[in-house]
Number of protein chains: 4
Amino acid sequence: MGHSERIRIGIVGATGYGGQELVRLILGHQGTVLTYLAATSDVGDATALFPQFTGASLPNIQAYDSAVCAQACDTVFVALPSGASGTVAAELWERGLRVIDLSGDLRLPPDLYEAWYEKPAVPVKYLETAVYGLSEWNREQIRTATLLANPGCYATAVLLALVPLARQGMFAPGTSVTVDAKSGVSGAGRGTKLAHQLAELADNFFPYRVGAHQHTPEVEQQLGFSTRVLLTTQLLPMARGIYACAYIPWLHDMGEADVRQVYAEAYEDAPFVTLLPDEVIPQLKAVRGSNSCHLQTRLDERTRTLMVFSAIDNLQKGAAGQAVQNFNLMHGFSEMTGLSAYGLAP
Amino acid sequence: MGHSERIRIGIVGATGYGGQELVRLILGHQGTVLTYLAATSDVGDATALFPQFTGASLPNIQAYDSAVCAQACDTVFVALPSGASGTVAAELWERGLRVIDLSGDLRLPPDLYEAWYEKPAVPVKYLETAVYGLSEWNREQIRTATLLANPGCYATAVLLALVPLARQGMFAPGTSVTVDAKSGVSGAGRGTKLAHQLAELADNFFPYRVGAHQHTPEVEQQLGFSTRVLLTTQLLPMARGIYACAYIPWLHDMGEADVRQVYAEAYEDAPFVTLLPDEVIPQLKAVRGSNSCHLQTRLDERTRTLMVFSAIDNLQKGAAGQAVQNFNLMHGFSEMTGLSAYGLAP
Amino acid sequence: MGHSERIRIGIVGATGYGGQELVRLILGHQGTVLTYLAATSDVGDATALFPQFTGASLPNIQAYDSAVCAQACDTVFVALPSGASGTVAAELWERGLRVIDLSGDLRLPPDLYEAWYEKPAVPVKYLETAVYGLSEWNREQIRTATLLANPGCYATAVLLALVPLARQGMFAPGTSVTVDAKSGVSGAGRGTKLAHQLAELADNFFPYRVGAHQHTPEVEQQLGFSTRVLLTTQLLPMARGIYACAYIPWLHDMGEADVRQVYAEAYEDAPFVTLLPDEVIPQLKAVRGSNSCHLQTRLDERTRTLMVFSAIDNLQKGAAGQAVQNFNLMHGFSEMTGLSAYGLAP
Amino acid sequence: MGHSERIRIGIVGATGYGGQELVRLILGHQGTVLTYLAATSDVGDATALFPQFTGASLPNIQAYDSAVCAQACDTVFVALPSGASGTVAAELWERGLRVIDLSGDLRLPPDLYEAWYEKPAVPVKYLETAVYGLSEWNREQIRTATLLANPGCYATAVLLALVPLARQGMFAPGTSVTVDAKSGVSGAGRGTKLAHQLAELADNFFPYRVGAHQHTPEVEQQLGFSTRVLLTTQLLPMARGIYACAYIPWLHDMGEADVRQVYAEAYEDAPFVTLLPDEVIPQLKAVRGSNSCHLQTRLDERTRTLMVFSAIDNLQKGAAGQAVQNFNLMHGFSEMTGLSAYGLAP
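Scoring rules and cut-offs
- The residue count restarts for each chain, going from 1 along the sequence in the order it is written.
- Here every chain gets a letter starting at A, and every ligand a number starting at 1, in the order they are written.
- With the structure being a predicted model, the display of local features is reserved for residues of pLDDT at least 70 and the display and counting of side-chain atom pairs for 80 or more, all residues being used for whole-chain, interface and lining totals.
- Here the side-chain values reflect all heavy atoms present in the structure, with hydrogen atoms and water set aside.
- UniProt positions are given in the numbering used here, feature names are shortened, and annotations may be inferred rather than shown by experiment.
- Orientation is described by lines fitted to C-alpha atoms, with helices fitted over the stretch in contact, and by angles between N-to-C directions that extend from 0 to 180 degrees.
- In this description a helix means any DSSP run of H or I spanning at least four residues, a strand means any run of E spanning at least two, and both kinds are numbered starting from the N terminus.
- Here the word oblique covers every angle except those under 35 degrees (roughly parallel), over 145 (roughly antiparallel) and from 65 to 115 (roughly perpendicular).
- When the near helix sits turned anticlockwise from the far one by under a right angle, the crossing is termed left-handed; a clockwise turn instead gives a right-handed crossing.
- Contact definition: two residues touch when any of their heavy atoms are within 4.5 Å.
- In this count, Pro and Cys sit with the nonpolar residues alongside Ala, Val, Leu, Ile, Met, Phe, Trp and Tyr, while Asp, Glu, Lys and Arg are called charged and the others, Gly among them, polar.
- The term buried area denotes the loss of accessible surface (1.4 Å probe radius) that occurs when two parts are joined, taken as the sum for both partners.
- We count a salt bridge whenever a side-chain nitrogen from Lys or Arg sits within 4 Å of a carboxyl oxygen from Asp or Glu.
- Between N or O atoms, a polar contact is any pair within 3.5 Å; within protein, one atom must be a potential hydrogen donor and the other a potential acceptor, and residues adjacent in sequence are included only when both atoms are from side chains.
- Throughout, exposure labels follow a simple rule: accessible area from a 1.4 Å probe, protein chains only, divided by the maximum for the residue type, with under 20% read as buried, over 50% as exposed, and the rest as partly exposed.
- A pair of strands is labelled paired if DSSP reports no fewer than 2 bridges between them.

For chain A, the name recorded in an unreviewed UniProt entry is N-acetyl-gamma-glutamyl-phosphate reductase, with Alicyclobacillus mengziensis as its organism. As its UniProt record puts it under Sequence similarities (unreviewed entry), chain A is described as follows: "Belongs to the NAGSA dehydrogenase family. Type 1 subfamily."

Shown next as structure tokens:
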């Protein structure tokens, strides 16, 4: 593909961790050219700010201006904090761009958004237009989307584990699923915070936002609202990765082999989501730096509990990677374009 | 207390992580003198092997010999691997010593032991003699014990979280409690293993022995066997600490304030176990290097689930620290003697 | 010692990492009682802020007031940032208290201070009064000091490695010593900084303040100014510890055995400083949480370079631990009182 | 390039860390197809052993057989331990394959090899045939090489920092350069070792093989043997990365701007080696997962010492990445083919 035919990409919120990962992925995507970077702080030379991009030819980071952005780009990724991101996404979409928003602003109906995010929602018009970008479960709608709500990191890890069962009607109405999830701290963003300083977080582990994490309604919405989810979110002393353990009261007589079959079929054509061989437990290191999701199941007969384990890189499949996957679907690229890296182990 | 009146202490299995922590604690315990160290490997000069003890006057580490040990000591801590430890403990107890065993060998009835450990149990005589050393819940028996089964690390973290409710009859018979527990890798012992090399485990996280961890029956036994426990055990990329999140289906109408009152009363006189103030979530760093257990509760109204969070240092309250606490009870020392260190933060 | 006879201790700057470590050590020091805690931020209940002290009885943290402090205390540790600390120390000393200052404000003559710290020096009167507290090399003066300048963390690690040679006249005038030093990030203090967030610093390593670190003149002053020191300071992805490698052009014909003898004699009566056995290389984990300094030498014949390795815990021997050691000397306690903890390994 | 025209690649020693990184890079190299994997242990299904390659189509790992290997491959990377690797490399080269050896076996003349590796050298014929693969400094010879000695990880970091000065004759004969180097533990290989277990190495730091590291003569050879190098090698508590600080006595009157000019010219056409802008210090995270080397200089006027800082990923530019770079040169690919990943930060 000639350079002049490439899709011109902008990233608004380029300096956050999601934004940096988008830059990294777009630089390796052969159908695109990066033409616009904006941020609310840290404007200037991108490679001075981010030495990992030394040698790359990057546009300067500028203060966001919708007209300038619209002129420079065909498609824009918006990766601003929730509360700011949706408005920018809507504005650029109104200017005729295709927009992929990585925040929580376009994922929920207004009442749920306002209850869990404690901020005003964007106008309902945009919420109705936005397509939810859980790639493996919404491919057809994503292909024609012009405004896309990219899923949350925890929500992605949990939904890839639970949707196969939900679509098979395997949760009795009223079932409560307990999800104990752990995340690397990059998920909390690049803003400084005492609890996220290495001196505090190294050798440490603790839950946060217990029972109140805003990805809870996002998960319940995709499961159809008949299943309640208790989502415990916890910080791991590492930069990247989400590990979710879902505990499902198992009232069926369906055995583990049948459950495995459900997953195998669900992800038969999904290049990034894999039910691992029976004896292999997912681990975070195997997916770090890749867009993969590794799944595993275990049925505990003693307590009649089905466990589903799910591991992703929060900045890839949980954010920028899935955003690029959705971009590929929206633009007719192969789903894996620019996303073929394997996990960086060791 | 003069040196000559001090209790002479031996440690068999002194080179493992539990053994090293025992050495560290006994060196700081004013009522004891360390007179005997034995190990199955690494015999020789203890400070050459363990430079953290530079400057301490330690007996050489020798190959274990029961007669030599019995002559040198009044009380012995046995911290060998399960399968070897109980036999040594029994042997030394038969020689008239008081013995504290840190392995799993003396904690379970033979059938459960053999089913979960997949090894032959020690003779039932010793199992019946051994007192289970969950200090806060068995103080009176411990005071007169001569053979003590020190609890497992996961079991301690979980039981300190669940026993208060169990003793109040708050689990309906047949309740299943899900416990998602995470541990630093020192809990796996000092033997080398590929998965525990830093190059593999740094930036990593994964479960192990899913549904099969041998501390499961230990927990259920203390809860009275009417409650089933699903215990998921997972490795954190750090050396020390256990964090357990217990999820309890909450069918009562008892509210959170009442639950907190149960814990407050249960641990009123316990110097090491604390229900933290309502707004403070336990974190591993706050208990690292101390014998403390920090607890917290949360009642999720949406799913009617009571969560109990429990944080300990696996080598202290989960092993050597509780062993010394039990030693103190057995010998009439104040419970905190030698255990007054606060958490090493940051 | 009865509680009423204990020395009443205040800590100004109690919430920083040096301050927290002082709290931890004073709580374990049987000759003292903690009567006053002050900070410039985070006033209020100390155990709510620092859950590692759960169970301890601590005074509330208050805004600093010299009159209140003077009334409440006999001796005060001042652990404020350089530029603020020295003035507070001087003020409290004028009120008749004994004062131990942990900042750089009282360690240098005014010209050097102002050149390297780029701040105005405190009045020379206080600089002349203050005794430099490198405990092992200045014991006699420390015993009678009323105003003490506690050494810097890097300076301590480097000086304990180099002073034995300097005092023997083993550096030819004009010798340049290269010191490559690495520190855990707690040495940078508790203020938040992007580069110190775990997401940035985990899996990372880099030098900072190259050729400009303010501990350089502190080291050169103690070596007598005839030796130049090039000090490279670097951040390790961990909370605690300083590791210094000193490279000394070795123009003597003195061999390594003689060098070792110099160290052995220098630290014969020093309970915290040890030249390790020949085959044992210092490691940070062995000194973590202890007041120890571990040293080792190697003479490289190929390049005629003497290497000296030095490992300390920056918050202990590099700050709060040495401050308590100096306190012990000033008050006639045994040097090890409250400092007997061995390294927290693993 | 059609699949049938691709160069058929074998990797002998595929299960070590260098081998795994080769697999990862070759999977992303569009001019190659991976046709043969061999290892001395862990034979079988490669994705079961290395879950990071889930989804990739990999040949099974088999026990090494030179005839099978020769038939299956055009070019082979040999990444066995030193002592075994060179013999295999020679054998495959004799069978007419092009061979890239990642061990130390083909880098030194026999006397130096035997003195520093304490093993017998391979026959001198192979040592004379092998081309040293420091890509940036030996491009022309590499292009026609059929047997290539890939440089050591430490040697690469150090040589990229020092060769520009050496080639300009800027070291006076007899100069001693001190290099203080730090490495992630993956450099020590995938064999298990107590000191490399996470429980031992987390929060730790220490030197090893002091004054005896086998990359020392490799560096000196490339500098022309008139410069002595003291190389201190140390373990960082992380998986990947080498950071080298070179300290050079600076007797010239050449200033820092001129020095920078030397580096700028030396690496003008080198896509992977960059002298960073003056104010930016290299950091390991910026090169992690990339084939980049970041350099920086500082001239300390006080001690007349030139410092050169060099950061690489030990498994990429220090091993597998440079091997692929050399492969590209040998086969006429663009130097960056398969190596375009930017550093994985955060």
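All names here are of chain D. Put simply, helix α8 (residues 153–167) and helix α10 (residues 215–223) touch, their axes get as near as 9 Å, and they point 25° apart. In this view, α8 runs roughly parallel relative to α10, as classed from their interaxial angle. Considering the relative orientation of α8 and α10, their crossing is right-handed. The segment α8 lies against α10, with Cys153, Tyr154, Ala155, Val158, Leu159, Leu162, Val163, Ala166 and Arg167 engaging His215, Glu218, Val219, Gln222 and Leu223. Residues that form the contact of α8 with α10 fall into these classes: ten nonpolar, two polar and two charged.

Let's shift gears to the UniProt feature "domain: Semialdehyde dehydrogenase NAD-binding" (unreviewed entry) in chain A. Those residues carrying the UniProt feature "domain: Semialdehyde dehydrogenase NAD-binding" (unreviewed entry) are residues 8–145 of chain A in this numbering. Summarising residues 8–145 of chain A: 37% helix, 17% strand, and an end-to-end C-alpha distance of 17 Å.

Attention now goes to the interface of chain D and chain B. On the side of chain B, 20 residues touch chain D, which itself brings 20 residues to the contact. Of the roughly 1500 Å² buried between chain D and chain B, counting both surfaces, carbon and sulfur atoms make up 59%. Sorting the residues of chain D by area buried against chain B places Gln197(D), Leu198(D) and Ala199(D) first, and these three jointly supply 39% of that buried surface. The interface formed by chain D and chain B contains zero salt bridges. At the surface where chain D touches chain B, the tally comes to eight residue pairs in polar contact (both at pLDDT 80 or more). Tallied by class, the residues present in the side of chain D that touches chain B amount to ten nonpolar, five polar and five charged.

It is worth spelling out the pattern of salt bridges at this point. In a structure, side chains of opposite charge can pair up when their charged atoms sit close to one another. A full pass over the atoms with the stated rule returns 68 salt bridges over all chains. We note a salt bridge from Glu21(C) to Arg240(C), for which the minimum N-O separation is 2.5 Å. Taken together, the residues Glu21(C) in helix α1 (residues 17–27) and Arg240(C) in the loop between β10 (228–235) and β11 (242–249) connect sequence positions 219 residues apart. The class for Glu21(C) is buried, based on a relative accessible area of 0%. Overlapping salt bridges bring together Glu21(A), Arg24(A), Arg240(A) and Asp313(A) as one network.

Right, let's talk about the pairing of strand β13 (residues 293–300) of chain B for a bit. Successive side chains on a regular strand alternate, one facing one side of the sheet and the next facing the other. Residue and element names in this part refer to chain B. The element β13 is largely enclosed, with a buried count of eight among its eight residues. The two faces of β13 match: Cys293, Leu295, Thr297 and Leu299 on one face and His294, Gln296, Arg298 and Asp300 on the other face are all buried. Of the strand pairs in this sheet, strand β12 (residues 273–275) and β13 are connected by three bridges, and their pairing is parallel. Residue pairing in the sheet places Val273 in a bridge with Cys293 of β13. As judged from the eight bridges shared by β13 and strand β14 (residues 305–312), these two strands associate in the antiparallel manner. Across the sheet, Leu299 pairs through a bridge with Leu306, a residue of β14. In sequence, β13 turns back onto β14 through a hairpin of four residues, with Arg304 there showing a positive phi of about 50°.

Before going further, it helps to spend a moment on the interface of chain B and chain A. Taken together, the contact pairs 44 residues of chain B with 43 residues of chain A. When the area that chain B buries against chain A is broken down by residue, the three leading residues are Asp203(B), Phe205(B) and Arg302(B), summing to 19%. Connecting chain B to chain A are six salt bridges. The residue Glu220(A) makes a salt bridge to Arg302(B) at a minimum N-O spacing of 2.5 Å. Along the contact surface separating chain B from chain A lie 26 residue pairs in polar contact (both at pLDDT 80 or more). Among the elements that take part in the side of chain B that touches chain A, strand β10 (residues 228–235) of chain B stands out by supplying five residues, more than any other. Grouping the constituent residues of the side of chain B that touches chain A by class yields 23 nonpolar, ten polar and eleven charged.

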